[in-house]
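Chain and residue survey
As a plain string of letters, each chain reads:
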Amino acid sequence: MNPPADMLLAADDRTGLEAAHVRLLAAARHRVCIYLPLLETGLLDGEAAQAELRRIATSGRQAQIRVLTHDAERAHREGHRLLALAQRLPTAIAIRVPTEEAQLRYGSAFATDCAGGFLFRPVATRYEARGSLDAPGETSRLTAYFEEVWERAEPAWQIRPLGI
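Only a predicted model underlies this, so the values are computations on that prediction, with no experimental measurement involved.

Basis of the calculations
Residues numbered from 1 in each chain as written. Predicted model: local features only at pLDDT ≥ 70, side-chain atom pairs only at ≥ 80, totals over all residues. Heavy atoms only, no water. Helix = DSSP H or I, 4+ residues; strand = E, 2+ residues; numbered from the N terminus. Buried < 20%, exposed > 50% of the residue type's maximum accessible area, 1.4 Å probe, protein only. Polar contact = N/O pair within 3.5 Å; in protein donor to acceptor, adjacent residues only side chain to side chain. Contact = heavy atoms within 4.5 Å. Axes fitted to C-alpha atoms, helices over the stretch in contact; angles between N-to-C directions. Parallel < 35°, antiparallel > 145°, perpendicular 65-115°, else oblique. Left-handed = near helix turned anticlockwise from the far one by under 90°. Nonpolar A, V, L, I, M, F, W, Y, C, P; charged D, E, K, R; others polar. Arc of directions from axis to C-beta.

Let us look at the side chain of histidine 80. Here histidine 80 shows up in the loop between helix H3 (72-77) and helix H4 (81-88). Assessed through its relative accessible area of 2%, histidine 80 is described here as buried. At 3.3 Å, the side chain of histidine 80 forms a polar contact with the backbone oxygen of glutamate 40. Contacts of histidine 80, omitting those with residues within four sequence positions, involve Leu39, Glu40, Thr41, Leu43, Leu44, Asp45 and Ala75.

Okay, structure coming up:
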């Protein structure tokens, strides 16, 4: 059975991708998993996305935003706003970097929420994406892969604030 059209997410360009991310984040309650091999500037660091991420991170005890990225150092150098938010809210936002070669070759990007929504980009370097706000099966599959990689990944030490 296909979800209703108003539950579908789609993007063909950067603006559409950012809007799809905002819709997914707006539907999320307390937990989000984000797998972005490259945390590129302009993606998830716009005002609307940052407001939704902040809302989720401060939504209560079960608030949890987990991010997997292959190059946290580059994102830190470029000043990605998601990293700054993670530094301000370290109990709710965690960022890890995969270490195994097979995981570092993963070329897709996705985001899932605990309510059954997902947004999937088959090629992480492109803006084309598809998703749904109500697809528990696909969300479970992507979240299971995320969990597998998360367990083996290392914390992104590059983004820790200095305790000075």
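On we go.
What follows covers the packing of helix H1 (residues 14-27) against helix H2 (residues 47-57). Look at H1 against H2: their axes get within 9 Å of each other, and the N-to-C directions meet at 20°. Here H2 runs roughly parallel to H1, going by the angle between their axes. As for the relative orientation of H1 and H2, their crossing is left-handed in sense. Of H2, the residues touching H1 (which contributes Glu18, Val22, Leu25 and Ala26) are Ala48, Ala49, Glu52, Leu53, Arg55 and Ile56. The residue inventory of the contact of H1 with H2, partitioned by class, reads seven nonpolar, no polar and three charged.

Taken residue by residue, H2 has Ala49, Gln50, Glu52, Leu53, Ile56 and Ala57 as its buried positions. Buried residues in H2, looked at end-on, bunch into an arc of 165°, giving them a common side. Taken together, the buried residues of H2 touch H1, strand S2 (31-35), strand S3 (64-68), H4 and strand S4 (93-97).

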